Amino acid sequence: MARSRDAVDTIKGYYYQFDYFIFQLISLVNEEDTVTIEGIEDVDILEEKEMVAVQCKYYAKTEYNHSVIAKPIRLMLKDYVNRTPEKRKIRYKLYGKYQSGQEKYPGMLTVEFAKKNLFTYTEKKVVHVLHEELNLTDKDIEEFLDKVDVDINAEEYQEQQDKVISGLEKIFGCDRFEAEYYYYNNALRLVKEIAVQQKMCERIVSKREFLDKINNKKMLFDKWYLQFKGIRDYCADIRKQYFSQRNVSPFERFFLIECDTTVNDAQIVSLIAKISKNWSKLSRREIKPFCPYVYLNGISQERLVGLKKKLQREDIRLWDGHDFLGAEFMVDSIIRRANYVNDIKVKIINHIENLDDILEKATGTKMIYQFYLKEPFYESNQNLCYGIQISKTEDINMMI
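Definitions and limits used
- Residues numbered from 1 in each chain as written.
- Predicted model: local features only at pLDDT ≥ 70, side-chain atom pairs only at ≥ 80, totals over all residues.
- Heavy atoms only, no water.
- pLDDT = per-residue confidence, 0-100.
- Helix = DSSP H or I, 4+ residues; strand = E, 2+ residues; numbered from the N terminus.
- Pairing = 2+ DSSP bridges.
- Buried < 20%, exposed > 50% of the residue type's maximum accessible area, 1.4 Å probe, protein only.
- Arc of directions from axis to C-beta.
- Contact = heavy atoms within 4.5 Å.
- Expected span 1.5 Å × (residues − 1).
- Right-handed = clockwise from strand over helix to strand, strands pointing away.
- Axes fitted to C-alpha atoms, helices over the stretch in contact; angles between N-to-C directions.
- Parallel < 35°, antiparallel > 145°, perpendicular 65-115°, else oblique.
- Nonpolar A, V, L, I, M, F, W, Y, C, P; charged D, E, K, R; others polar.
- Left-handed = near helix turned anticlockwise from the far one by under 90°.
- Salt bridge = Lys/Arg side-chain N within 4 Å of Asp/Glu carboxyl O.

Undergrad: Where do I start with the confidence of the model for the protein in this structure?
TA: As a note on interpretation, predicted positions should not be read in detail where pLDDT is low. Of all residues in the protein, 96% attain a pLDDT of 70 or more, and the chain-wide mean is 91. Across the protein, the element-wise mean pLDDT spans from 72 in helix α9 (residues 223-229) up to 98 in strand β10 (residues 293-297).

Encoded structure:
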């Protein structure tokens, strides 16, 4: 349990830095200005030819002490000293979140404070006095400190994340759900891809390039995000966004489900039964009765036959477009209206290749819910198609 909490804390630290990077990018005024991740410092902001190199740390469970900021500032000093005079047009910033102890900080960096508390340290039982080792005068130190900003009252994790998502919501003119699960999700993946590039030039991105690359409505999470977000919270958000209607409209709904390697037949049958129950209306009084379509991706035809038999034994009547043994698939057969008399509770699509024909010939509003593990397996621009990523097939039960 402790190790699990430690892992979450570590992930939180990474995401805090990623969020800071994203927020700095989307806050740039000029779309050609850039931000670098893992450059001079954690985040380097180049805006109107002025560079700010930022150390961004999240120590929400750690008390502030001078030693916590000492090493980052020493690294900043070494970088500054190694620069030629014409390249010293740079500012440094330490941006950190700490649990307590902020009152210990003097409020500003003075030469004496820096020499005593930041530049003098012990390493491997050897005392170092960095400003003497670098042959710096008090004036040199003062010039450096004038370029250093220290903020030890950084925002809480959730506060910063909310600010990022709200910023994306405004930029893309979308709702909160789309801002988080499409654009913010895409932004996190892009930042992770950039951060691991070997060359610094490949870790630099402009605001325009960044927004262009994250501007698509496709869910492609990594394991980190789902672990940190929490699968129950994620499923609850999906349910609220797509599956919480009180009065179910008589639409043609298609549930495209990717089956993982661990889901068994009983679980699949139970899932289909739940979809049928929640998204069918077959009563005699229903003016436009309807039932859902289901396609199962990633299973063999033999297994599909067995699942249909199990559905029948559960008294879940179905159509699949084949009217008798050996019959070819007929679109007109599967799109017939389910009703109180025939009691058809679900329509099973045997092959994904048949879906386009069904969509073309079926009348009324069509909605497609595609549940996939890693990558979408079906693309459609003609109908309402919602891509929903899952960590395992069973997750769908918590969504619908």
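On we go.
Undergrad: Can you help me understand the pairing of strand β5 (residues 120-123) in this one?
TA: The side chains of a regular strand alternate between both faces of the sheet. Pairing of β5 with strand β6 (residues 126-129), which is carried by four bridges, proceeds in the antiparallel orientation. Residue pairing across strands places Thr-122 opposite Val-127, the latter belonging to β6. Connecting β5 to the antiparallel partner β6 that follows it, the hairpin turn spans two residues, and Lys-124 within it adopts a positive phi of roughly 55 degrees.

Undergrad: Explanation requested: helix α5 (residues 138-145) in the structure shown.
TA: One turn of an α-helix holds 3.6 residues; hence residues three or four places apart share an orientation. Among the residues of α5, those classed as buried are Ile-141, Phe-144 and Leu-145. The arc that holds every buried residue of α5, seen down its axis, measures 95 degrees, which confines them to one face.

Undergrad: What should I look at first to understand the side chain of Gln-161 in this one?
TA: Here Gln-161 shows up in helix α6 (residues 157-172). For Gln-161, the residues in contact, after removing those within four places along its chain, are Asp-19 and Tyr-184.

Undergrad: Can you help me understand helix α10 (residues 231-242) in this one?
TA: The first and last C-alpha atoms of α10 sit 16 Å apart over twelve residues, in line with the 16 Å expected at 1.5 Å per residue. Among the residues making up α10, those that are buried are Tyr-234, Cys-235, Ile-238 and Tyr-242. Here the buried residues of α10 occupy an arc of 95 degrees about the axis, which is enough to place them on one side. Summarising the geometry of α10, the exposed residues directed more than 90 degrees from the buried face are Arg-232 and Lys-240.

Undergrad: Could you clarify how one ought to interpret the pairing of β10 in this entry?
TA: With five of its five residues buried, β10 lies for the most part within the structure. The side-chain alternation of β10 yields two buried faces, one formed by Tyr-293, Tyr-295 and Asn-297 and the other by Val-294 and Leu-296. As defined by bridge partners, strand β9 (residues 252-258) adjoins β10 across five bridges and the pair is classed as parallel. Within the sheet, the bridge partner assigned to Glu-258 lies in β10 and is Asn-297. Regarding the hand of the β-α-β motif, the stretch spanning β9, helix α11 (residues 265-278) and β10 is right-handed. Examined bridge by bridge, β10 and strand β12 (residues 346-349) share three bridges and lie parallel to one another. Paired with Val-294 across the two strands is Ile-348, which belongs to β12.

Undergrad: Explanation requested: the packing of α6 against helix α7 (residues 176-195) in the structure shown.
TA: Geometry of a packed helix pair, given as the angle between the helix axes and the separation of the axes. One way to put it is that α6 packs onto α7 with a least axis distance of 9 Å and a crossing angle of 95 degrees. When the interaxial angle is binned, α6 and α7 end up roughly perpendicular. Taking contact as the criterion, the partners of Tyr-157, Gln-161, Asp-162, Val-164, Ile-165, Ser-166, Leu-168, Glu-169 and Phe-172 in α6 are, on α7, Arg-176, Ala-179, Glu-180, Tyr-183 and Tyr-184. Considered class by class, the residues forming the contact of α6 with α7 number eight nonpolar, two polar and four charged.

Undergrad: What is the right way to read the sheet that holds strand β4 (residues 90-100) from this model?
TA: Strand pairing in a sheet relies on backbone hydrogen bonds, with the paired strands running either antiparallel or parallel. With mixed pairing, the six strands of this open sheet are ordered in space as β7-β4-β3-β2-β1-β8. Of all the strands in the sheet, the pair left with one neighbour each is β7 (148-151) and β8 (204-206). Across the sheet, the mean angle separating the axes of adjacent strands is 20 degrees when strand polarity is ignored. Here ten bridges tie strand β3 (residues 50-63) to β4, and the two strands are oriented parallel to one another.

Undergrad: Even after reading the chapter, I still don't get the packing of α7 against helix α8 (residues 207-214), so can you show me in this structure?
TA: Contact geometry for α7 and α8: axes closest at 9 Å, N-to-C directions at 120 degrees. Taken as axis vectors, α7 and α8 run oblique relative to one another. The two elements α7 and α8 cross, and the hand of that crossing is right-handed. Contacts from Tyr-183, Asn-186, Ala-187, Leu-190 and Val-191 in α7 reach Phe-210, Lys-213 and Ile-214 in α8. For the contact of α7 with α8, a count of residues per class yields six nonpolar, one polar and one charged.

Undergrad: Looking at this structure, I do not really get unusual backbone geometry. What am I missing?
TA: Across residues other than glycine, the phi torsion is negative in most instances, and most of the peptide bonds are trans. Of note in the backbone geometry, Asn-135 takes a positive phi value of approximately 55 degrees without being a glycine. Mapped onto the elements, Asn-135 comes out in the loop between α4 (130-133) and α5. Take Asn-135: its relative accessible area is 65%, and that puts it in the exposed class. Of note in this structure, Asp-315 is not a glycine but carries a positive phi near 65 degrees. Of note, Asp-315 is situated in the loop between α12 (301-313) and β11 (318-319).

Undergrad: Is there a simple way to think about the sheet that holds β9 in this case?
TA: Sheet architecture is open: six strands sit in the order β11-β12-β10-β9-β13-β14, paired in parallel fashion. Each having just a single partner strand, β11 and β14 (384-389) make up the two edges of the open sheet. Contacts from α10 reach β13 (366-372) and β14 within the one sheet, and its direction differs from that of β14 by about 170 degrees. Strand contacts of α12: β10, β11 and β12, with the helix running at about 170 degrees to β12, the strand carrying the most contacts.

Undergrad: Would you mind going over the pattern of salt bridges with me for this structure?
TA: Think of it this way: side chains of opposite charge can pair up when their charged atoms draw near. Applying the stated criterion to the full structure yields 19 salt bridges. Close ionic contact of Arg-208 with Glu-31 constitutes a salt bridge, the shortest N to O distance being 3.2 Å. One end of the pair, Arg-208, is in helix α8; the other, Glu-31, is in the loop between α1 (2-27) and β1 (34-37), with 177 residues separating them in the sequence. The class for Arg-208 is partly exposed, based on a relative accessible area of 42%. A salt bridge links Asp-42 to Lys-57; the shortest N-O distance between them is 3.3 Å. Of the two residues, Asp-42 sits in the loop between β1 and β2 (43-47) while Lys-57 sits in strand β3, which places them 15 residues apart along the sequence.

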